[in-house]
Structure formats: structure tokens, C-alpha cells
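# A closer look at the structure
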Amino acid sequence: MRTKIGTGPGAPEAEADTDAAAGADDENTADAGGEASSGAEGAGGEESSPRAARPAAAGPARPSPRQRLAPLLRELPAALIALVVSICFGLSYGVNYGVNNQTSYLLGALRLLDPSVLAKDWYATGAANYHPAFSYVGWLLLAIDRGGAAVGWGLVVTAALGAMCVYWLAVELLKQRRLALATFLLVMAIAFVTRTDSVAVSYIFDFTLQPSTLGSLFLLAALPPLVAGRTLLSGVFLGLSGLFHANYLVLGIGTFGLTQLLLGWRDGWKDLARRIAMQVGPAIAVFLLLSPLILRSVRSPDAAFAQEILFNIRAPHHYAPTTYKSSFFPVAAWQMLGLGAGGWLLRGREGRGRRLGAVVLAMAILLWTGTLLTTWVQIPRVAQLFVWRFAPFLDLLMQLLVCAASVSIAARPSLFRRIPPAALTLTLGGFVALAMLDKGGDVGWSLVLALAPGAAGALVGAAASLLERRRVGLAPARAFLLRFGAYAVVAYAALACLRVGVPKVRGYRERSSVIKGMRGPEADMYAWIRASTPKDAVFLTPPQLERFRLLGERAIVVDWKSSAYVPSELVEWYRRLEDVSGRKGFRRSDDLSDGYGDLDAARLGPLKKKYKLDYVVVARGRQRDLPGKVVYQNSRFVILDLAG
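Residues numbered from 1 in each chain as written. Predicted model: local features only at pLDDT ≥ 70, side-chain atom pairs only at ≥ 80, totals over all residues. Heavy atoms only, no water.

### A look at a nonpolar patch on the surface
- On the surface, a cluster of nonpolar side chains totalling about 620 Å² of accessible area is made up of Leu69, Leu72, Leu73, Leu76, Leu80, Leu83 and Ile87.
- Looking at where Leu80 falls in the secondary structure, it is placed in helix α3 (residues 65-91). (Patch = residues over 30% accessible without salt bridge, like charges linked within 9 Å, V, L, I, M, F, W, Y side chains within 5 Å. Areas by Shrake-Rupley, 256 points an atom, 1.4 Å probe, with all protein chains shown as cover. Salt bridge = Lys/Arg side-chain N within 4 Å of Asp/Glu carboxyl O. Helix = DSSP H or I, 4+ residues; strand = E, 2+ residues; numbered from the N terminus.)

### A word on the pairing of strand β6 (residues 629-633)
- Bridge count for β6 against strand β7 (residues 637-641) is four bridges, and the pairing is antiparallel. In the strand pairing of β7, Tyr632 is matched with Ile639.
- A loop of three residues connects β6 with β7, the two strands running antiparallel in sequence. (Pairing = 2+ DSSP bridges.)

### What to know about the packing of aromatic side chains
- If you walk through the whole model with that rule in mind, you get 26 aromatic pairs.
- For the pair Phe89 and Phe192, a centre-to-centre distance of 5.6 Å together with 75 degrees between the ring planes defines the contact as edge-to-face. Linking Phe89 in helix α3 with Phe192 in helix α9 (residues 177-194), this pair joins segments that are 103 residues apart in sequence. An identical accessibility class is assigned to Phe89 and Phe192; each is buried. (Phe/Tyr/Trp six-rings, centres within 6.5 Å; stacked < 30°, edge-to-face > 60°. Buried < 20%, exposed > 50% of the residue type's maximum accessible area, 1.4 Å probe, protein only.)

### Focus on the packing of helix α11 (residues 231-244) against helix α12 (residues 246-263)
- The geometry of α11 relative to α12 is characterised by a closest axis approach of 6 Å and an angle of 155 degrees between their N-to-C directions. Considering their axes alone, α11 and α12 lie roughly antiparallel with respect to each other. Of the two elements, α11 crosses α12, and the hand of that crossing is right-handed. Listed contacts from α12 to Thr231, Ser234, Leu238, Ser241, Gly242 and Phe244 of α11 are Ala246, Tyr248, Leu249, Gly252, Phe256 and Gln260.
- Its residues assigned to classes, the contact of α11 with α12 shows six nonpolar, six polar and no charged. (Axes fitted to C-alpha atoms, helices over the stretch in contact; angles between N-to-C directions. Parallel < 35°, antiparallel > 145°, perpendicular 65-115°, else oblique. Left-handed = near helix turned anticlockwise from the far one by under 90°. Contact = heavy atoms within 4.5 Å. Nonpolar A, V, L, I, M, F, W, Y, C, P; charged D, E, K, R; others polar.)

### Side note on the nonpolar core
- Phe184, Met188, Met525 and Leu540 are the most contacted members of the largest nonpolar core, which totals 184 residues.
- Apart from residues lying up to four places away in sequence, Met525 is in contact with Leu545, Phe548, Val617, Tyr632, Asn634, Phe637 and Ile639. (Core = buried A, V, L, I, M, F, W, Y, C linked by side-chain atoms within 4.5 Å.)

### Side note on the side chain of Asp438
- Tracing the sequence through the fold places Asp438 in the loop between α20 (421-437) and α21 (442-469).
- Of the side chains bearing the opposite charge, Lys439 lies closest to the buried Asp438, which forms no salt bridge; the N-O distance is 9.6 Å.
- There is a polar contact of 3.1 Å between the side chain of Asp438 and the backbone nitrogen of Gly441.
- There is a polar contact of 2.9 Å between the side chain of Asp438 and the backbone nitrogen of Gly444.
- If sequence neighbours within four positions are ignored, Asp438 has contacts with Val443 and Gly444. (Lys, Arg positive; Asp, Glu negative; His and termini not counted. Polar contact = N/O pair within 3.5 Å; in protein donor to acceptor, adjacent residues only side chain to side chain.)

### Regarding the sheet that holds β7
- Spatially, the five strands line up as an open sheet ordered β4-β3-β5-β7-β6, and their pairing is mixed. Among the strands making up the open sheet, the edge pair consists of β4 (555-556) and β6.
- With two bridges joining them, strand β3 (residues 538-540) and β4 adopt parallel strand pairing. Residue pairing across strands places Val538 opposite Ala555, the latter belonging to β4.

### Description of helix α8 (residues 149-174)
- Given a rise of 1.5 Å per residue, 26 residues ought to cover 38 Å, and the 38 Å separating the end C-alpha atoms of α8 matches this to within 8%.
- The buried fraction of α8 is high, at 20 of 26 residues.
- Residue Lys175 follows α8 closely and has a positive phi angle near 60 degrees. (Expected span 1.5 Å × (residues − 1).)

### Brief notes about the packing of helix α10 (residues 211-228) against α11
- At their nearest, the axes of α10 and α11 sit 8 Å apart, and the two run at 170 degrees to each other. Compared by their axis directions, α10 and α11 come out roughly antiparallel. Residues Pro211, Leu214, Gly215, Phe218, Leu219, Ala221, Ala222, Pro225 and Leu226 of α10 form the contact with α11, whose own contacting residues are Thr231, Leu233, Ser234, Phe237, Leu238, Leu240, Ser241 and Phe244.
- Classifying every residue of the contact of α10 with α11 by side-chain character gives 13 nonpolar, four polar and no charged.

### Some points on the pairing of β7
- The buried count for β7 comes to five of five residues, which makes it a mostly enclosed element.
- When strand β5 (residues 615-619) meets β7, the two strands line up antiparallel, connected through five bridges. Bridge pairing in β7 places Val618 opposite Val638.

### A short note on the environment of Leu310
- Within the secondary structure, Leu310 sits in helix α14 (residues 303-314).
- Linking Leu310 and Thr541, residues 231 residues apart in sequence, is a C-alpha distance of 22 Å.
- Ignoring any residue separated from it by four or fewer positions in sequence, one finds Leu310 in contact with Ala315, Pro316, Tyr319, Gln384, Tyr565 and Leu570.

### Considering helix α7 (residues 132-144)
- Its 13 residues place the ends of α7 19 Å apart at the C-alpha level, agreeing with the 18 Å of an ideal helix rising 1.5 Å per residue.
- On its buried side, α7 packs onto α4 (102-105), α5 (107-113), α8, α10 and α11.

### Observations regarding the pattern of salt bridges
- Going through the model one piece at a time under the given rule, you end up with 18 salt bridges.
- The residue Arg588 makes a salt bridge to Asp590 at a minimum N-O spacing of 3.3 Å.
- The exposure class assigned to Arg588 is partly exposed, which follows from its relative accessible area of 45%.
- Here Asp591 makes a salt bridge to Arg588, at a shortest N to O gap of 3.1 Å.
- Taking relative accessible area as the criterion, Asp591 reaches 16% and is therefore assigned buried.
- Salt bridges here are not isolated pairs; linked through shared partners, they connect Asp121, Arg549 and Asp559.

### Some thoughts on the state of the cysteines
- Overall, the coordinates contain zero disulfides when judged by the stated rule.
- Here Cys165 stays unpaired: no disulfide links it, and the sulfur of Cys497, its closest cysteine neighbor, is 17 Å away.
- Owing to a relative accessible area of 9%, Cys165 belongs among the buried residues under this scheme.
- Distance from the sulfur of Cys497, which forms no disulfide, to the nearest cysteine sulfur (Cys88) is 8.2 Å.
- Classification of Cys497 as buried rests on a relative accessible area of 6%. (Disulfide = S-S within 2.5 Å.)

### Quick notes on the environment of Gln307
- With respect to the helices and strands, Gln307 occurs in helix α14.
- The spacing of Gln307 and Pro380 is 73 residues in sequence and 7.3 Å in space, taken between C-alpha atoms.
- Leave out the neighbours within four places in its chain, and Gln307 touches Asn312, Pro380, Arg381 and Gln384.

### Notes on the confidence of the model for the protein chain
- Here the protein chain averages 89 in pLDDT, and 91% of its residues register 70 or above.
- Confidence over residues 1-54 falls short of pLDDT 50; this stretch has 104 contacts with residues more than four positions distant or in other chains. (pLDDT = per-residue confidence, 0-100.)

Structure follows, in C-alpha cells:
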């Protein structure tokens with residue numbers, strides 16, 4: 001049986017595909033988000049004047065500037081709260097430059113800023129740059145501040161915009177600003193704890209600005225317009241996501257193309273073709289633009305050896321699922337919890353739930369099919385796609401469903417009846433699994449905070465049912481809850497978010513290399529190198545000294561961090577590490593440190609000739625019996641001029 005719901009002023013949002021038996025009485029007295037309708041709000045929660053409801057003899061009246069501004073003003077307070085929380089979320093990562101993956105990904109930006117830097121560096125000039133768009137972003141930020149402050153603050157801005165996309169998604173799904181805000185705040189409470197991390201060292205945001213950061217931002221931005229049915233806008237954001245990271249490009253085309261297929265062709269094949277073209281057309285254009293770079297990795301006589309290096313030596317934490325198989329359990333648990341508690345949100349809602357459900361299903365198919373083809377059946381090409389890149393996004397969507405269901409039930413307890421017993425069992429199983437897998441207890445605590453409103457709403461609903469059976473009149477209490485329940489849920493969600501988020505934000509200065517500044521022997525050495533050596537000098541350095549290129553701004557032979565992806569280039573990277581470490585066929589990064597520490601004059605001579613070295617950097621005390629003149633030393637490092 002279906003319940004037909006009106007769409008005129010004061011009527012709730014139409015939901016043709018929802019369960020009519022559950023909460024039908026409430027739906028006739030409140031809108032879909034639990035906010036009371038008193039005749040002053042229309043079908044979407046927007047203001048509707050009595051004058052506008054009457055037919056006009058001379059055609060529709062043009063709304064005044066005040067009428068056009070009124071909906072925006074009503075949205076403004078919630079949006080401002082979301083913005084403040086989003087900025088705090090960005091700050092919680094710190095303000096960093098010159099660390100981690102930036103030591104590789106910002107080299108292209110550094111060379112755009114000063115082409116004379118790293119001109120003799122093999123990696124910076126010879127290896128394929130898979131992130132050309134990011135190089136221009138980095139160039140702009142370094143042009144603003146050569147010390148990297150703009151890069152560090154760029155992460156804060158990007159993560160904050162990404163969080164605002166989550167708020168946008170909640171608004172598009174629920175169409176009620178107060179419930180959307182409460183949902184967003186609870187999702188952020190979870191995100192402050194999880195840091196958006198997932199399986200295979202994948203994440204949405206991390207503590208550095210890098211290509212995947214911008215890819216994540218635009219992928220998040222592609223979700224709200226998709227749910228709203230604005231396919232072309234979603235496709236444009238998807239294309240921008242792929243422009244900044246080839247992994248997002250390939251996975252995005254497959255995932256969002258499958259999403260449109262799952263949505264079906266109820267309006268005919270032509271409509272399906274049109275939707276697919278709008279959804280993935282911009283990404284395909286980007287693929288064609290970047291295809292020369294991508295195709296370089298497809299076929300190579302070195303492919304087998306390169307895969308062995310990549311999967312088992314350089315990055316087993318990314319590409320070898322057997323090394324992190326236990327990490328798949330939290331991913332599955334989030335899906336149990338999200339679909340169990342919030343699966344009912346994927347029905348109806350004027351198609352919004354169906355579209356969100358399609359992208360959730362497409363991501364799940366991608367993730368678990370890719371996992372199956374790299375564990376039960378091992379296909380190296382599938383592993384190289386790194387399907388786990390989308391795992392944290394699927395986790396986030398599950399968290400959104402959990403929080404949206406919780407706040408909706410808290411504001412309108414009768415909605416609890418939409419969760420069938422099997423789904424409740426699934427919810428309980430997911431919660432117990434996550435709590436047991438959470439060693440620190442923080443994730444379990446944030447989950448309790450997120451689920452508490454829904455549990456309270458369910459208890460209120462159960463108590464109301466018992467009282468009604470005893471013929472106790474609850475109309476005033478029901479009206480009060482419908483009118484003010486959403487405000488109470490927002491207040492609770494704000495307190496929960498503060499409870500979890502404030503400790504994460506408070507220490508952002510201590511986690512910020514830009515604010516604290518880089519100090520110590522390594523930073524002092526880089527400052528001397530920039531000031532006292534020629535820009536075209538070539539250095540032999542310890543393989544673990546990963547910041548040398550970016551902060552020292554001088555060419556080196558090789559380091560462990562900056563590995564290539566084109567098979568022939570990856571093999572070249574491995575051979576260079578063998579040379580500088582003196583360890584042929586090494587399997588671990590520790591072998592490199594030990595081997596470089598044993599550097600002597602007999603090994604240094606051939607290296608100097610082969611790589612045209614000017615300087616060599618060694619740990620203090622290791623310079624004995626090495627040729628060359630000591631030109632710099634501090635408590636940790638010694639630099640020898642091989643021409644001296």
C-alpha cells in the first residue's frame with residue numbers, strides 16, 4: 001500500500017516509494033525532516049506566501065528581491081555553523097610543507113618556479129610526472145610564498161571545502177537544513193576520530209596537500225549534484241577529480257558510469273546514453289588529455305620485474321592485500337552499520353535516495369570485486385588500479401547514512417518502524433564489529449555519540465506506543481516534538497562534535513611544520529646547501545634522506561621515497577638504489593641504510609664517475625677514509641666536496 005502525499009503549501013515532501021505504513025500519521029503533520037508545517041512552508045521546506053498560493057489573473061508575479069533573499073537567509077546560520085566546523089576539521093590536520101609525499105609531488109612545481117633547480121636530477125627531469133595539474137597548483141602556491149606557507153594553508157582550505165561538500169550532500173539528501181546540519185555534525189565527530197583513513201593506507205584527506213587531496217575534494221563535490229540529479233555538474237567535478245590524480249580518473253569513470261547503469265533506463269536508452277555522456281564525458285576528455293602518461297605504464301618488457309618491485313618491495317602496504325587483510329573487516333562493518341541503520345533512506349525521496357544508493361552500490365562493487373581479484377585470484381593489473389582508493393569514500397557514505405537515520409528518528413520517532421528486524425540485526429552486528437576492532441576506543445565512542453539520538457528516538461516512540469494503547473492523549477507532546485525536536489538534535493550534535501573535535505584542533509600548532517618551522521641539523525644542512533653550493537651540483541645522499549630535493553633544491557642520485565611508476569623507470573630507480581647501497585637484490589628499505597653506511601672509497605669512486613657527483617653526504621663520523629674535502633658538518637651530517 002502506498003500513501004499519496006500532497007505537494008501544496010504546508011504538505012510534506014513527496015515520497016512515492018517509501019513505506020506508507022510506518023509513520024504515516026506523522027508525515028501528514030510534518031515535513032520529511034521532522035520540521036513542523038504550519039502553512040508557512042512549502043513542499044521543500046521553503047517559505048510560501050498565501051498571496052502566491054492564489055491564482056493570479058495577470059500571470060505569475062515576479063518575486064521581490066526580499067522574497068528571493070529570504071530562503072538564502074534561512075539557510076545562512078546552518079551554513080555558517082557548518083563552515084566553522086569545516087575550518088576546524090581542516091586545521092586539525094595541521095599546516096605542513098616539505099614533508100611526506102610532498103617531497104616527490106612538489107618537485108614539478110619547484111621546477112616551474114625555477115627551471116635551473118634540479119636540472120641534473122634524474123627523477124625530477126626524466127621520470128614521468130603523473131600529476132601535471134598539481135604541479136601548476138603547487139607553482140602558484142610556492143610563488144605566493146617560497147617557504148611553503150601557502151601550501152600548508154592550502155591543505156586547510158581544501159579539507160574545509162571537502163567537509164562543506166559533506167554538508168552539501170546531507171542537505172541534498174534530507175532537504176531539511178536543521179536535520180542536515182545535525183547529520184553533518186555527527187559525521188564530522190566520526191571524521192575527527194577516523195581521520196578519513198581506511199584500508200591499504202587510503203584516506204580522503206591527510207596532513208599534507210598533495211594530488212590526492214584535490215582529487216578527493218572534487219570527488220566529494222561530485223556526489224551532491226549526482227544525488228540532486230544534476231548529472232552534468234557532477235560529471236564536471238568528476239573530471240576535475242581525475243585531472244589531479246589518474247587513479248581517481250580511471251576509478252571514477254568506472255564507478256560513476258556503473259552508477260548511471262544501475263539507475264536504469266526507465267526513460268529509454270537515449271536518456272541513459274545522455275546521462276552517461278554527461279556523467280563521465282568530462283572525465284573521458286581528461287583521460288584523453290593524460291593518455292600519453294597513462295599508456296606509458298600499460299606495456300613494457302620490464303612490467304613483470306616492475307610489479308615485483310612495486311608490490312613486494314616498495315609498496316606492499318598499498319598493493320599486497322595479504323599484508324593488510326585484517327583491515328577489510330572495519331570496511332565491511334561500516335557497510336553493515338550504514339545499510340542496516342540507514343538503508344531506508346535510499347528509498348523514495350524524489351529519487352535522491354535511489355541515486356545515492358546507486359553510487360553506494362557501484363563503489364561497493366568496485367571495492368569488493370577488486371579485492372576478490374587481488375586475493376582469491378591475483379591479477380596484478382587490478383592491484384595497480386588501487387581500488388581501495390575509494391574505500392574511505394564508501395566508509396564516509398555509510399557514516400552519513402548512520403547519522404542521517406539517527407537524527408531523523410530522533411526528530412520523528414515513528415520513522416524507527418522503517419527499519420526491519422533484519423536491518424536492526426545488521427546494525428547491531430556492524431556496531432559490535434567496529435567496537436571490537438577499535439583498539440583505542442575512540443571510534444566506538446564516536447559511534448555511541450552518533451547513534452544515541454536515534455536510540456533515544458526509538459525509546460520515545462516505543463513509550464508513545466504503550467501510552468497510546470492505554471488511550472493516553474499525546475497530541476500536544478507530538479506537536480511539541482515535531483516543532484522543536486530538530487533544534488534539540490542539532491544542539492546535541494553540536495555538543496558531540498565539540499566533545500570529539502576540540503582536542504583534535506587544539507594541538508594543530510604542534511602538528512604544523514609551517515608554524516613551528518623546520519629546525520635541527522637536517523634543516524640547517526639544507527639552508528647551507530641552498531646558500532653555498534651551485535644550483536647544478538649533484539649530490540650522493542643517504543637513501544632515507546627524502547626531503548633533500550625539495551628543501552635542499554639540489555639534484556641527487558636517488559632516494560627511497562621518490563619511486564617511479566612507469567615500469568622501465570621503476571627498474572631504473574631500483575638499480576640506482578642498488579648502486580648507492582651496494583646491496584644487489586635488496587628487499588627491505590633497512591638494507592639500504594645499512595649498505596649506505598658502509599660506503600667506502602672503493603665504492604665511491606665508480607659512483608662518482610657514473611653519476612658525475614660533486615658532493616657526498618654521510619653521517620657524522622662516516623667521513624673517515626672517504627676522498628674529498630669536508631666543507632660542512634653539524635651534529636648529524638658531513639658534506640664532502642669531491643672536487644676538493
